[in-house]
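Chain and residue survey
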Amino acid sequence: MNHIPFFKKKKVEETSRQIRANDHHGNAMKEFADNRISTSKYNLITFLPKNLFEQFRRLANAYFLFIMCLQFIPQISSLTPGTSIAPLAVVLSLTAIKDAIDDIRRHRSDRQINNRETKTVVGHELVTRKWKEIKVGDIVRLENNEFITADIVLISTSQPNGLCFIETAELDGETNLKARQALEETCNLEDHIDQLSNFDGEIECEAPNNNLGRFEGNLMWKEKKFQLKNDNILLRGARLKNTQWAFGIVCYAGQDTKIMKNTGKKKFKRTKIDHLLNRIILGIFLFLLIMCAIMTICSGFWESFVGYHFRIYIPWETYLSSNQQFGALEISLLTFLSYVIILHTVVPISLYVSMEIIRLIQSKLIDWDNKMYYKPTNVQAQARTTTLNEELGQIQYIFSDKTGTLTQNIMTFNKCSIRGKLYGYVIDEAGNEIQDLEKLKPIEFQEKNNDFEWYDKKLLDAIEQNDKDVYNFFTLLSLCHTVMSEEKNGQIIYEAQSPDDNALVSASRTFGFTFIGRTQSSITVRFGNKEETYDLLEILDFDNDRKRMSVIIKKHGKIILYCKGADFKIKECLDPSEKKIMAVTNEHLYKLATDGLRTLGLAYKELSESDYNRWAQKLHAANTSMEKRDEKVKDVYEEIEKNLKLIGATGIEDKLQDGVPQCIERLAYAGIKIWVLTGDKLETAHNIGLSCRLLTNDMELYIIEEENEDAVRKKLQEIRNGMINKIEQLFNVYIENKNKRLDWKDWGIDVMKFNRYRKSNYQYNSKTQRLNSHGITTIDTYQQDNEQFEGFGLLITGQALVFALNEKLKMKFLEIGTMCKAVVCCRVTPLQKAQVVDLVMKNERKITLAIGDGANDVSMIQKAHIGVGISGQEGRQAVLASDYSLGQFCFLERLLLVHGRWSYLRISKFLRYFFYKNFAFTLCHFWLGFFSGFSAQTLYDPFFIATYNVFFTSLPVLALGVFDQDISADHSLNKAYLYTPGQNDEFFNKKIFAESVIHGILTSCVIFFVPYLSISNATRSDGITLADLQSFGFAIATILVIIVNLENALEMWYWSSLYHFVLWGTIIAHFLFHFVLYSTIIDKIFKRNYPYVGVTQAVLSTGNFWFTLFLTCVILLIPVFAREFFRMRFMPTRIDRARLNQKFRTEEKAAFVTHIQYRLRQRRQSVRSGYAFSQETGWGRLITSGLMQSKSNIFTRSSKM
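Cut-offs and rules
- For every chain, the first residue of its written sequence is number 1, and the numbers climb from 1 along that sequence.
- Reporting in this predicted model follows two pLDDT cut-offs: at least 70 for local features of residues, and 80 or more for side-chain atom pairs to be given and counted; totals over whole chains, interfaces and linings ignore these cut-offs and use all residues.
- Calculated side-chain values reflect all of the structure's heavy atoms, with hydrogen atoms and water omitted.
- Every helix listed is a DSSP run of H or I at least four residues long, and every strand listed is a run of E at least two residues long, numbered separately from the N terminus.
- Note on classification: 1.4 Å probe, protein chains only; a residue is buried when its accessible area is under 20% of the maximum for its type, exposed when over 50%, partly exposed between these limits.
- In this description, contact between two residues means that some pair of their heavy atoms is separated by no more than 4.5 Å.
- Working definition of accessibility: Shrake-Rupley area with a 1.4 Å probe, residue cover restricted to the visible protein chains.
- Two strands are counted as paired when DSSP detects at least two bridges linking them.
- Paired rings are identified among Phe, Tyr and Trp, the last through its six-membered ring, by centres lying within 6.5 Å, and are further divided according to the angle between planes into stacked (under 30 degrees), edge-to-face (over 60) and tilted (the rest).
- Only the contacting stretch of a helix is used when fitting its axis, a line to C-alpha atoms as for every element, and angles between N-to-C directions run 0 to 180 degrees.
- Crossings are classed by handedness, with left-handed meaning an anticlockwise turn of the near helix from the far one by less than a right angle and right-handed meaning a clockwise turn.
- Three classes are used, and their members are as follows: Ala, Val, Leu, Ile, Met, Phe, Trp, Tyr, Cys and Pro are nonpolar, Asp, Glu, Lys and Arg are charged, and the others, Gly among them, are polar.
- Take the number of residues in a helix, subtract one, and multiply by 1.5 Å to get its expected span.
- Polar contact is the term for a pair of N or O atoms within 3.5 Å; when the atoms are in protein, one must be able to donate a hydrogen and the other to accept it, and sequence-neighboring residues count only if both atoms are side-chain atoms.
- Here the term patch refers to residues with relative accessible area over 30% and no salt bridge, with like charges joined within 9 Å and nonpolar side chains (Val, Leu, Ile, Met, Phe, Trp, Tyr) within 5 Å.
- A carboxyl oxygen of Asp or Glu within 4 Å of a side-chain nitrogen of Lys or Arg is what we treat as a salt bridge.
- Note on definitions: the grid is 1 Å and covers protein atoms alone; a cavity is a set of points where a 1.4 Å probe fits but cannot get out; a pocket is an open set with protein on both sides within 12 Å along at least five of seven lines; lining residues have an atom within 4 Å of a point.
- Grid points are joined across faces, edges and corners, and a volume is the space filled by probe spheres set on the points.
- In this entry, domain limits derive from an automatic or database-based domain assignment.

1. Structural notes on the overall build of the chain
The helix and strand tally for the chain stands at 39 helices and 38 strands. In the chain, buried positions account for 56% of the 1201 residues. Counting contacts in the chain only where the partners sit at least 6 residues apart, residues at least 24 apart contribute 74% of the total. Carbon and sulfur atoms make up 54% of the accessible area of the chain, which totals about 52,900 Å².

Here you go:
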């Protein structure tokens, strides 16, 4: 019952939670959420009412329902209700079917997750249960590589010390391992089922919340209380790694888990055009009421002064008053409702039917685009919704995840510098560097590594020659780390806390220096065919302040300290005698950075036995100190990490997905601002920002990493003042009111063309920045040209973002963020991602897109106007929550710049044409009223009224909305600036709608009055007048069909054989249809007195009609043609120029020159020290304490490995 919304009890808000293990009855009494999750919107009971409610929130549907109800009143309706019932039913049914299909997909996904199986302790045995059956308080068993079932308090693992490892890629985007540990008091339970089934510990913990980094609680057991913290809990969404099994108590289940608390509810998304249409519908309805009011007033006067005296010929209905005034009043009121029915076609329901068809086909064009097919993973782009296509052409902000979205989650050793020699670059016979290495064949190694390719044979030659420096380099890589190893299927598998460590150790193995395993006091390696074991004396662990790690090892009586870390930190530790070699290495570092690589410095130092022993005593004293222990330990570390000898540097590639830099560059050129929201640390995000060209050295970069509200407020103000000073310094701008919100538009500055607005005589000594405390140093380079300025960039940490998003500071943060071309938010939670998106959406009122690949991105994907999921390595949660899914980030440019731009252009032209043609059609009824006693007489044949939008104008307008394109897909990508009209609503807005309405009204005047003046006194050759209603109505209908379809032809840019067939076929179909409909054959078949029989032949056989048709076409089409010719000749838009360029290729030379200038202007990149360890403390103490060791079977492996 509780799963049916109508029967759900109101949940009591929790302040804390108490759970007793294995007490199923007691826990059930507290009505905790079960482990079932639901991301769907409907069920069998709620689907119909909820879906209809959502559909009738669209004012147009409510409007059509109202019209349909009026048609059931025979006294006021001249049209049958079927003309409205059928189309409305089709629209509602199609939308309901589409929504049902989408929701069925969500139900299937939920069912797949809920039906996963895990083992739980029941009685005195392990029982396999589905996830949805797991309850709070259950003790569950997790297996290696298994996703964690719920939020679980760890009580024992396969390690005697209670240690286990988890991967949290779906929680925070990090693929490196994190350590978790059970309480020492519960470790002895191990996997003894009898003891576990009798375990009666009681957990008291905080209420369910969304804070992924905090857990506070206590375990009461055996009359003792033990503290529980974040290291003791395993969160749902993480995966157990490198651990055979683990047992834990479920503390939060299902919707109460932290990952679900960070997932927002899926909302009903509607496009900006849909919202505009709602307002337009209100305006049209008001216009309709005004027209009906005019007809009502005129009808009252006419019936009172004229109709009353002609009742003998046109008698009043019996239910009307015979009093002159009252009868006229009653007729006029009925006339009002009659005209509401007749004129309601200004917004026909076929508008929405056509829109749904167009959107469906546009979605299929996205699905069928083979240029968005990613072959390696066999993933095709997919439009998972059909209602948002045109909004893809109006995006102004993109919010992107980093790990797995911009990057591949793969780190690879790429290049290195060893004692002043640079390796990794291939030189040809002429001494020039070969740029395109893909044309070369990579070196084949005995140790295969699919993710690693190496082309420079010089390094292998140095290894073969037993080069001492190279040997020392790889010895450091194989020893100085905290990597754990495990043997699987005869292969050594590495698990690392740092992705850099994994890349370096794997590369070292490939070159023949293999790390095999470790104990708490030794490291075993194999160099060539020789296996050696080093005594591990100490690990000086990494942390965020030191930004380096060291190991002290002993071999053959020699003690050596190996150190690696951020290059600027290693420089500080070098012996003064190393300045010369460091200068050479410094040049190499800049070259590596220019290639977008993350750099690490490597150094070593030999220690005497006595020096080490004295230092070890100091370390022991620091480790046992009761005051400021951590600070004292760091000081001791600093003492020994001095006067080091430089070994060299490494260049690690954090592999971007294919085409990411080019994609981001084009999207930025299209006027789209890109914000990266990532769980990674600041340095990592900064490095990737530079690699993918989101950030550049010509940007003024600001960093906010303060940890309290007051400091964040001061920093925001400092940045704002800096921006003001920079703007006034570089541009001809003086900001008088410095308290007013900053906005580039206020000063008329185009952010894509800063140089156009620069002061012409400003010169400077350029200062290139790079991360210092986060890698930033300043290098002076003297320039004689203008300072390059590419806008502002902002990096902010998650801790600072907590305060920046509060009510007091969020508008200041938003002001600064919107002034920047790029913003990077680091160490953010899933909920913070959604909050940042929401801040921009609500206050900027811009169209946003969020893109990600993991469960931690779901909340922002659901929050943004458009959500895009990447089918990546972090599961399919992001895809299932998304509106569109892609195989790679680079396909986003085609999705937006081609499909999005075309969709917006097409739907805009469709709407303005549709309103034009329907106002032209409907207003003819209005003009007839002045010549028919305001009697609500219809001008057209009822069959024509019912089929006008279905048969005689539908196919050309559908072709316009589906196939039209101004320029080709390639030109759309190359001319990204053509995307901006969609952002500015240039193709459809209130002004353009008004122009379409006026055009339609004028067209209706010409179509009605030209034939009226031409036919009113005309006769056929047999003397019969042409002025009867049937002939007049058919003549106007025919002229109308031809005019509006030719207007459609003038709107169409992309003429194809299909469009020719549709256009001319529609016009011909009009004639054929009416020849048959108005023939005597139909009259004989149905045996009804049909007044239109013979009208087609009678009208088309007269020269008067053809002359009228020609005259009307000239009056209506020549001005339109002339206006377009004049505009394109003397006031061409950017699209007009692009179309001419596509035809005549006039811009190719200019583009080539611009490209050369860009290449000449490129500068060397700043060095990126990317010691990309986890934000958590390193594993050094866990290893040296014996808690972490390699699997024992590693050391019994065969020598052939």
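2. As for the sheet that holds strand β4 (residues 139–143)
The strand order across the open sheet formed by six strands is β3-β2-β4-β13-β5-β11, and the pairing between neighbours is antiparallel. Of all strands in the sheet, those bounded by a partner on one side alone are β3 (125–130) and β11 (233–234). Where strand β5 (residues 151–157) lies against strand β13 (residues 245–252), six bridges are found, and the strand directions are antiparallel. Each residue of the ladder has a partner; that of Ser156, found in β13, is Phe247.

3. A closer look at the side chain of Gln888
Within the fold, Gln888 resides in the loop between β37 (884–886) and α26 (891–929). Ignoring anything within four residues of it in the chain, the contact list for Gln888 reads Tyr374, Gln657, Asp658 and Ile870.

4. Points about the packing of aromatic side chains
What the rule picks out here adds up to 64 aromatic pairs. The interplanar angle of 25 degrees and the centroid separation of 5.3 Å between the aromatic rings of Tyr1078 and Tyr1092 together place this pair among those described as stacked. Residue Tyr1078 is found in the loop between α33 (1057–1077) and α34 (1080–1086), and its partner Tyr1092 is found in the loop between α34 and α35 (1095–1100); the two are separated by 14 residues along the sequence. Note on Tyr1078: relative accessible area 2%, which makes it buried. What makes Tyr1092 buried here is its relative accessible area of 6%.

5. Quick word on the packing of helix α20 (residues 709–730) against helix α22 (residues 810–819)
Geometrically, a packed helix pair is captured by the angle between its two axes and the distance between the axes. Following both chains from N to C, one finds α20 and α22 inclined at 35 degrees, their axes separated by 10 Å at the closest point. The element α20 and its partner α22 pack so that their crossing is left-handed. Here Arg713, Leu716, Gln717, Ile719, Arg720, Met723 and Ile727 of α20 come into contact with α22, specifically with Lys812, Phe813, Glu815, Ile816 and Met819. Split by residue class, the contact of α20 with α22 holds seven nonpolar, one polar and four charged.

6. Observations regarding helix α12 (residues 468–479)
Between the first and last C-alpha of α12 there are 16 Å, a value that for twelve residues agrees with the 16 Å anticipated at 1.5 Å per step. Burial within α12 is extensive, with nine of its twelve residues counted as buried. If you check which residues of α12 are buried, you get Val470, Asn472, Phe473, Phe474, Thr475, Leu476, Leu477, Ser478 and Leu479. At the N-terminal boundary of α12, the capping side chain belongs to Asp467, with an oxygen 2.9 Å from the backbone nitrogen of Asp469.

7. A look at a nonpolar patch on the surface
Judged by side-chain polarity, Leu286, Ile290, Ile294, Phe930 and Phe931 come together as a nonpolar surface patch covering roughly 450 Å² of accessible area. Relative to the assigned elements, Phe930 resides in the loop between α26 and α27 (942–952). Exposure remark for Phe930: the relative accessible area of 38% places this residue in the partly exposed category.

8. What about the pattern of salt bridges?
Counted according to the given criterion, the structure contains 47 salt bridges. Of the charged contacts, one joins Lys272 and Asp985 as a salt bridge, the two residues approaching to 2.8 Å between their closest N and O atoms. Separated by 713 residues along the polypeptide, Lys272 in helix α8 (residues 272–305) and Asp985 in the loop between α30 (980–983) and α31 (990–1015) bring together distant segments of the chain. Asp985 sits in the buried class, given a relative accessible area of 18%.

9. Some details on the environment of Leu228
With respect to the helices, strands and loops of the structure, Leu228 is situated in strand β10 (residues 224–228). Residue Leu228 is classed as buried on the basis of its relative accessible area of 2%. In this view, Leu228 contacts Val153, Leu183, Ile203, Phe215, Glu216, Gly217, Asn218 and Leu219; residues no more than four positions away in its chain are not counted.

10. A closer look at empty space enclosed by the protein
This structure, assessed with the given rule, holds twelve cavities of 30 Å³ or more. Taken as a whole, the largest cavity encloses approximately 450 Å³ of empty space. Along the walls of the largest cavity sit 28 residues, with Lys98, Asp99, Phe268, Thr385 and Thr387 positioned nearest its centre. Mapped by element, the contributors of at least two residues to the lining of the largest cavity are α2 (47–56) and α4 (82–114). Each of two domains, domain 2 (264–347) and domain 4 (374–404 + 658–753 + 789–893), supplies a minimum of three residues to the lining of the largest cavity. Of the pockets and cavities examined, the second largest cavity occupies roughly 360 Å³. Forming the boundary of the second largest cavity are 23 residues, of which Ile37, Thr39, Ile113, Met260 and Gln877 lie nearest the centre. Those elements that provide at least two residues to the lining of the second largest cavity are α4, α7 (258–261), α24 (858–863) and α25 (877–881).

11. Structural notes on the environment of Gly679
Within the secondary structure, Gly679 sits in the loop between β29 (673–677) and α19 (682–691). With relative accessibility at 3%, the residue Gly679 sits in the buried group.

12. Considering the pairing of strand β25 (residues 548–555)
Of all the eight residues making up β25, seven are buried; the element is thus mostly covered by neighbouring parts of the structure. Bridge analysis of strand β24 (residues 530–540) against β25 gives five bridges, and the strand direction is antiparallel. The residue bridging Asp535 from the neighbouring strand is Lys554, located in β25. Relative to strand β26 (residues 558–565), β25 is paired through eight bridges, and the arrangement is antiparallel. Looking across to β26, one finds that Lys555 is bridged to Lys558. Hairpin connection of β25 to β26: two residues between the antiparallel strands, including His556 at a positive phi of 55 degrees.

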